[in-house]
There are 2 protein chains.
Amino acid sequence: MTENTQTQLHVPQNEIQLSDGSTFKTYRTAGSLCSHDDEFDYKVGINKLRKHWIEERLARGDENHSQMYYAKKGQITNEMRYVAIREGVSPEFVLNEIKIGRAIIPSNRNHPELEPMIIGKKFLVKINANIGNSALGSSIEEEVEKLRWSLHWGADTVMDLSTGKNIHETREWIIRNAPVPIGTVPLYQALEKVKGKAENLNIDIFIETLIEQAEQGVDYFTIHAGVLHDYVALTKKRITGIVSRGGSIMARWCLHHKKENFLYEHFDRINEVMKKYGVSYSLGDGLRPGCIADANDEAQFAELKTLGELTKKAWAEDIQVMVEGPGHVPLNLIEENMRLQNEICNEAPFYTLGPLVTDIAPGYDHITSAIGAAMIAWYGTAMLCYVTPKEHLGLPNKQDVKDGVIAYKIAAHAADVAKGHPGAKERDDLLSKARFEFRWEDQFALSLDPELARSYHDETLPQDGMKKAHFCSMCGPSFCSMHLTQELRKEEDERSLSKN
Amino acid sequence: MTENTQTQLHVPQNEIQLSDGSTFKTYRTAGSLCSHDDEFDYKVGINKLRKHWIEERLARGDENHSQMYYAKKGQITNEMRYVAIREGVSPEFVLNEIKIGRAIIPSNRNHPELEPMIIGKKFLVKINANIGNSALGSSIEEEVEKLRWSLHWGADTVMDLSTGKNIHETREWIIRNAPVPIGTVPLYQALEKVKGKAENLNIDIFIETLIEQAEQGVDYFTIHAGVLHDYVALTKKRITGIVSRGGSIMARWCLHHKKENFLYEHFDRINEVMKKYGVSYSLGDGLRPGCIADANDEAQFAELKTLGELTKKAWAEDIQVMVEGPGHVPLNLIEENMRLQNEICNEAPFYTLGPLVTDIAPGYDHITSAIGAAMIAWYGTAMLCYVTPKEHLGLPNKQDVKDGVIAYKIAAHAADVAKGHPGAKERDDLLSKARFEFRWEDQFALSLDPELARSYHDETLPQDGMKKAHFCSMCGPSFCSMHLTQELRKEEDERSLSKN
Ligand code: SF4
Ligand code: SF4
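Residues numbered from 1 in each chain as written. Chains lettered and ligands numbered in written order. Predicted model: local features only at pLDDT ≥ 70, side-chain atom pairs only at ≥ 80, totals over all residues. Heavy atoms only, no water.

Participant: Just checking my understanding: could you explain the interface of chain A and chain B for this structure?
Facilitator: Reports of interface size often rely on the accessible area that becomes lost once the parts have come together. On the chain B side, the residues contacting the 109 residues of chain A number 109 residues. Buried surface at the junction of chain A and chain B, both sides included, amounts to about 9200 Å², of which 67% is carbon and sulfur. Inspection of the chain A/chain B interface yields 4 salt bridges. Lys390(A) is the partner of Glu459(B) in a salt bridge, and the nearest nitrogen-oxygen pair spans 2.8 Å. At the boundary of chain A and chain B, one finds 30 residue pairs in polar contact (both at pLDDT 80 or more). A class-by-class count of the residues in the side of chain A that touches chain B yields 58 nonpolar, 27 polar and 24 charged. (Contact = heavy atoms within 4.5 Å. Buried area = accessible area lost by both parts, 1.4 Å probe. Salt bridge = Lys/Arg side-chain N within 4 Å of Asp/Glu carboxyl O. Polar contact = N/O pair within 3.5 Å; in protein donor to acceptor, adjacent residues only side chain to side chain. Nonpolar A, V, L, I, M, F, W, Y, C, P; charged D, E, K, R; others polar.)

Participant: Before we go on, may I ask you to explain the site of ligand 2 in this structure?
Facilitator: In the vicinity of ligand 2, the contacting residues are His392(A), Phe438(B), Trp440(B), Cys472(B), Met474(B), Cys475(B), Gly476(B), Cys480(B), Ser481(B) and Met482(B). Near ligand 2, residues from chains A and B are present, making the site a shared one. Among the residues making up the shell around ligand 2, the classes are represented as 7 nonpolar, 3 polar and no charged. (Near = heavy atom within 4 Å.)

Participant: Looking at this structure, I do not really get the environment of His413(A). What am I missing?
Facilitator: With respect to the helices, strands and loops of the structure, His413(A) is situated in helix α16 (residues 398-418). Once the C-alpha coordinates of His413(A) and Ala377(A) are considered, the two residues, 36 residues apart in sequence, prove to be 9.3 Å apart. His413(A) has contacts with Ala424(A), Asp428(A), Thr358(B) and Ile360(B), leaving out every residue within four places of it along the chain. In terms of polar contacts, His413(A) uses its side chain to reach the backbone carbonyl oxygen of Ala424(A), at 3.5 Å. (Helix = DSSP H or I, 4+ residues; strand = E, 2+ residues; numbered from the N terminus.)

Participant: So what exactly am I meant to see when it comes to the relation of the copies chain A and chain B here?
Facilitator: Between the two chain copies there is a screw-like relation: a rotation about an axis and a shift along it. Note on the identical chains: chain A maps onto chain B by a rotation of 180 degrees and an axial translation of 0.0 Å, with an RMSD of 0.0 Å. Both chain copies can therefore be described as sitting about a two-fold axis. Relative to the rotation axis, the C-alpha of Ile371(A) is the closest in chain A, positioned 2.3 Å from it. Of the interface residues in chain A, 100% have counterparts in chain B that sit at the interface too, so the contact is made through matching surfaces. (Least-squares fit on C-alpha atoms with pLDDT ≥ 70 in both.)

Participant: What exactly am I supposed to notice about the site of ligand 1 here?
Facilitator: Surveying the vicinity of ligand 1 reveals the residues Phe438(A), Trp440(A), Cys472(A), Met474(A), Cys475(A), Gly476(A), Cys480(A), Ser481(A), Met482(A) and His392(B). Bordering ligand 1 are residues originating from chains A and B. Counted by class, the shell around ligand 1 contains 7 nonpolar, 3 polar and no charged residues.

Participant: Is there a simple way to explain unusual backbone geometry in this structure?
Facilitator: Most peptide bonds are trans, and most residues other than glycine sit at a negative phi. Cis geometry marks the peptide bond from Pro326(B) to Gly327(B), where omega comes out at 0 degrees. Note on placement: Gly327(B) falls in the loop between β10 (321-325) and α14 (334-344). Across the junction of Gly354(B) and Pro355(B), the peptide omega takes the value 5 degrees, indicating a cis bond. Residue placement: Pro355(B) occurs in the loop between β11 (350-353) and α15 (365-379). In this structure, His392(A) takes a positive phi of about 75 degrees despite not being glycine. Looking at the secondary structure, you find His392(A) in the loop between β12 (383-385) and α16.

Participant: Explain helix α5 (residues 140-153) of chain B here, please?
Facilitator: At 3.6 residues per turn, the α-helix brings residues three or four places apart onto the same side. All names here are of chain B. Compared with an ideal rise of 1.5 Å per residue, which puts 14 residues at 20 Å, α5 spans 20 Å between its outermost C-alpha atoms and is within 8% of the ideal. Ile140, Glu143, Val144, Lys146, Leu147, Arg148, Ser150, Leu151 and Trp153 are the residues of α5 that are buried. Summarising the contacts, the buried residues of α5 are in contact with β5 (126-131), β6 (157-160), α6 (167-176), β7 (182-184) and α16 (398-418). Where α5 ends, the next residue or the one after it, glycine 154, has phi of about 125 degrees, a positive value. (Expected span 1.5 Å × (residues − 1). Buried < 20%, exposed > 50% of the residue type's maximum accessible area, 1.4 Å probe, protein only.)

Structure below.
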């Protein structure tokens, strides 16, 4: 039950050359993109890998383009085969995870440039980077550059959260240049269409916006359909109220009209768009806590229950779903989030923002949140939305994007290792072996940020010969413990040889 | 049973001025030091807070200067009273924790400048910063400056790991300027005395070094007495062998002489020095894992068992003990470290280095390790030894020291909050409230690094008026969710008013 079995799939990998001539291959989020391409012109767009796959389905007249739809029919798609190669599992395994809703491959039929990736707890933990201009800055070129930059450092998906000018065109060029799934929060653009007046929103404007964005090829939509009218009152005693932009917009609408959330009421109409284009849900947690005092409260868990209900509604229509989670949560309350989400949403992939484990370190929230992210990913969260050092303070620049992505690669990888994900630990072991054997260049090459590692080493010992030295400036030549151990082993070997 | 009850203790606190005129007071690691003192001359030394307390004991002819000795006699010392104020608990509580060995106040009788602090799982989680020159650099002045700098950012203790020139004099000026406990690894200096030849070490040279350093006022000594001869062979299959400098030196000595570790054999002689000066043990984990593949192995846990045995030996002589722990440990193996240490060492304070939860991010090991540190501190570790971004790559500079300290303040505070430590969450709540109310200056002031937070905010919105703005550049004016929530609450209030 495979489509196009003839198609030979080539999945680009990062190839790390080691000094013994061997090559370590690893997951490449940038796919076929090359960030060293100086001639890059975003107006050209990248290769359309899925063009023929999609054309075949359109020719056949498929009315649901969701991977879950195919999975339920038992059909192994090229997308499934592609991610199976990426993750080192069988296509059948992928199909089954998608069928039961425990994993998703976000893939809009109008995003042929996509090199498919899978989000689910049985696969590598993924990370998302947010980009997009706000009213206060940045051009289309800059945003496409942020996309490429975040993929270079390891983002698995990118959300375009633009709210400023040129919102349609910015999105267009992001998608045309994205080998990864692109997510959006369509509510932002809908709000622009009613000139920022939340009360003037309605389902028609919203659906119109959905279609506009689905047409462009957005792969997953954050939909805040769980912010029910009655839940808003539950946030009254909170310190930071509602901190999700989408959540606060919908709360405003509900209270103004004294009506139920129109996204919830008209969920069926949204389903129709999702199906037609194969867009996945990212059910938004509009009532996530914005500080640790508000974590795991009634409002948050009331919404989660509704997200569980909506998950099942979407699944009934064969639409892929992931569920968004917090936010700000102290260490001792993290596990409960994962446990409840698992129960309530029947293991639909969890997609959390951090969580930040303390509120006292603005400027370092990539770190406060990487702590919570590593932990919740180990517990089973499938994708982590990054937080940059600028969180709460301003729009991230390129350096912030990089710092956020790297902190989250660390969190995701730490979880993969702890979960015993096949192959995850191999890179750690190779790097540690290189470290022990003073193969400095190999240590740098295997690290998440080779240039930084090298520059730190070279700050004190820049001479070429020092790349073979059996010490560095941290402990110095006579106190390098790894050198001492090596000497020890050598002597031991000589002793045991002379005994024989 | 209190000494000098008349003494009025003044405990300096950090005072954060808020815009409503109130002051938030918090633990001040720098104590009476002021880092803004431009005229600072390290050759003067700081105030000797404990001078009279110690003189009284010397006059009385006390032969054991350990706080455990006094605790077991039921005597509340000024040190106990001092830390009780710092931690907001009763002196009786402090006395009991010290008596049962669950907490220590490292305090050499020759370090009168010390402003006492306590290390134990029932108290605030502490962090240690390592300073000290290696053969490859830095002057005494620079090292004293690193001490003051790390205290300014929040280090609770500092270890002087100097191995280079002027080792004695550097230590002297560090101690004379340290309001916090200073720890050392005396083995480093002992090795210098035998010109780097580990096999020439012996207990006499070691004791001579111990006395030299105890005379200067070192408050705790890392002693690698748990690296037994038979354990060395257990490290053979490891990827990174022995990565503790002290561990590798002792392993070398044992194998060369085919004899038992002389620190273990002559532990009683070491005890005598500890008692006489009131120095605390930091029982070194010479066999800690240096990569995640080596975590929780036989060698590591064999040594831990011996550390448990030594803990009880020291306690029998009323000497305070903490126990050092790893290192590199994947998330799923962290809890076992804490559980075993608790059991084997009867809850003697655990003092861990990180642990780093992955090996693949040299250059970012303050982050990889802050993740493990937060988790293990939540499980009960009493003190966290920081790791800087330069770990494995070179000697940290000032910026690295700051980055390491802040990452560890985050980890320690996150654990305090998760453990429900009284008052810990208050700062988070105040900051979040300030954030929600757009009191930008208060948000900055309450953060761990006010200057950085402000500079990040000002990068896009430097105008003075923006410090009162109801948004920042992250989401922009029309998408600031906190502003939207505030509007919502205002409208709700008006509506309910008009109903009445
Ligand atoms: S000197 Fe220290 S940090 Fe540098 S390679 Fe040797 S053991 Fe590692
Ligand atoms: S604009 Fe966004 S980040 Fe800035 S204060 Fe408002 S909610 Fe917070």
